[in-house]
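What the coordinates show
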Amino acid sequence: MNGLKSFNARRLSVAGFSFLFAYILSFQFEGQVLYSLLDLRGTDADRYILAAIIAHFAGLFTCGLFVKSQAAAKSMMFGGMGLCLAATVPFFFPLPALWMGGLIVSGYFSGCAVAAWGFFFRTFTPKNERIKSCADALIYSNLLMITVNVIAMNGSTFIGLSLSMLCLVIGAVFIWMLPTEPKNEQNKILKNKMGGIKNPLLLLCLFVFIITINSGLMYQVINPAFEHLTRLVSWYWAVPYIVALAIMRNLPMKAKRSRILYIGMAMIIGAFISFMLLGRNTSDYLIVDTLMLGACGIFDLFWWSILGEMLDYSDNPAHTFGIGLSANVFGVLCGGVLGMTVTSIGLPSAEIAVIALTVVCVTLVMLPPLNHQLVLLLKSHAYLAAYDNMSQSQQTDIVRQIKTLDPMTVREQEVLQLILSGKSNREIAGALFISESTVKTHARNIFSKYDVGSRAELISTLLKNQRVE
């Protein structure tokens, strides 16, 4: 029964977030509904778009300062979505004086709502399912966005606006239905999971910021070049993104996703080179968009799911989740400003491609140290996979390099080798013909002698001191 409740809460959580994010994608954050409305009113879009993105960044970045519990997160999401709804109403009327204020309010509180979802993401999605929850949320929200875009761009802009607001209402209902986790259970999780997250998070944010500069360039340089293909763009734009997410979602858990990141970078390179060499007809658009948005799907699921794993090591999921995603928004913002600049001065597409390729080269250099930091921090199976790739002699050498506080007994050494080989307590008990409680006692003694608190920290300690690549 508890498992069923947890499953239902997870589905509610993902559904609520998907409808919220569909609103953000279709209207508030470079959304086609917003572009259509501003174009309908004959208004220059750039300053409105920049204001909305800056406000969204501020909401993501600051939410964790005042949302510090799951109850507060629920109130923030529900209240924030209500404020977004109210702030969007002025766009039905020719009231440009209120539009800027509406975008700033909706941008800020939508950012807060997204960051606050980190509490529900951590509580209701098991660790081994977080990559799937991220993929589901991104896929569902983009499918909803496509529906709204098609109506707004090919039919009525105001019906599209109404649908984006309806997404907010439905999302708020799902969030309201979510249970609030008991406080003592949350504290128990935090006490057992706290770890060194600062350096990996900082490196991840830097990587996300740099790589998403190209997303900003895409919005301001690539998309406008194909704006004459309105009908095709309205529905196809996010299709490669969704397909890439679906493929990544269904990969085996043991698949080496870090290698796929290099494929994603090659796709970005291919997108900008194609943009430079090809024309601006339908087939050219399909090539450029497929490469660019497919790569975006690969990278988005990578860092969203990594942030999901990091929440177990944070005492405030809204803070960690918000800061991580704010790096994405900041990258889009800087890329957008860069795109506006190169467009205004009439920079040739060849030189724009060079800028994009430079960004990719920087991120290529960053990938190996980022991967190393994440392997050291995150979930035990990732540690064990790294350890298992070594030979038996290499494993033995690593163990011997680390001095324990007290000498280990022969039995503790046997238990340690089985722990490092990935065996569970039950499997170790069976292999050594001892009880599971005895194994737990030996494991506690081993952790104490290495001055660590868990299997993951033990493996991290060993790997941090190993010299084998």
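Numbers given for residues are sequential positions, taken from 1 along each chain in its written order. Local features in a predicted model are, by the rule used here, given only for residues with pLDDT of at least 70; side-chain atom pairs are given and counted only at 80 or more, and totals for whole chains, interfaces and linings are based on all residues. The side-chain figures draw on all heavy atoms in the structure; neither hydrogens nor water molecules are used.

Some remarks on the nonpolar core
Side chains of nonpolar character tend, in soluble globular proteins, to be buried together. One finds Leu-20, Phe-27, Val-114, Trp-237, Trp-304 and Phe-321 to be the most contacted residues of the largest nonpolar core, which totals 126 residues. Broken down by element, this core gets its largest block of residues, 15 residues, from helix α14 (residues 282-310). Note on contacts: a residue pair is in contact if any heavy atoms of the two residues lie within 4.5 Å. The residues contacting Leu-20, other than those within four sequence positions of it, are Met-77, Met-81, Ala-113, Val-114, Cys-167 and Leu-168. By size, the runner-up hydrophobic cluster in this structure holds 16 residues, among which are Val-415, Leu-420, Val-439 and Phe-447. To qualify as a nonpolar core, a set must consist of buried Ala, Val, Leu, Ile, Met, Phe, Trp, Tyr and Cys residues joined through side-chain atoms within 4.5 Å. Note on classification: 1.4 Å probe, protein chains only; a residue is buried when its accessible area is under 20% of the maximum for its type, exposed when over 50%, partly exposed between these limits. Starting at the N terminus, helices and strands are each numbered in turn, a helix being any DSSP run of H or I of at least four residues and a strand any DSSP run of E of at least two.

Here's the deal with the pattern of salt bridges
The salt bridge criterion pairs a side-chain nitrogen of Lys or Arg with a carboxyl oxygen of Asp or Glu, the two atoms within 4 Å. This structure, assessed with the given rule, holds 5 salt bridges. A salt bridge links Arg-130 to Asp-312; the nearest nitrogen and oxygen atoms lie 2.8 Å apart. Of this pair, Arg-130 sits in helix α6 (residues 130-154) while Asp-312 sits in the loop between α14 and α15 (317-344); the two residues are 182 residues apart in sequence, bridging distant segments of the chain. Arg-130 gets classed as buried once you look at its relative accessible area, which sits at 2%. Here Arg-426 ties to Glu-436 by a salt bridge, and the two come within 4.0 Å at their closest N and O atoms.

What to know about the packing of aromatic side chains
Side-chain rings of Phe, Tyr and Trp (the six-membered ring for Trp) are treated as a pair once their centres are within 6.5 Å; stacked means planes under 30 degrees apart, edge-to-face means over 60, and tilted covers the remaining angles. For the coordinates displayed, the defined rule picks out 27 aromatic pairs. Consider the rings of Phe-57 and Phe-61, whose centres lie 5.7 Å apart with planes at 20°: the pair is stacked. Of this pair, Phe-57 and Phe-61 are both found in helix α3 (residues 46-66), 4 residues apart, which corresponds to roughly one turn of the helix. Residue class for Phe-57 comes out partly exposed when judged on its relative accessible area of 23%. Given a relative accessible area of 41%, Phe-61 falls into the partly exposed group. Note on Trp-117 and Phe-121: the rings are 4.8 Å apart at their centroids and 10° apart in plane angle, and the pair reads as stacked.

Considerations on the side chain of Thr-88
Of note, Thr-88 is situated in helix α4 (residues 70-88). Here Cys-84 takes part through its backbone oxygen, which lies 2.6 Å from a polar atom of the side chain of Thr-88. Apart from the residues within four sequence positions on either side, Thr-88 is in contact with Tyr-23, Phe-27, Leu-161 and Met-165. Counted as a polar contact is a pair of N or O atoms within 3.5 Å, where, for protein atoms, one must be capable of donating a hydrogen and the other of accepting one, and residues adjacent in sequence contribute only when both atoms are in side chains.

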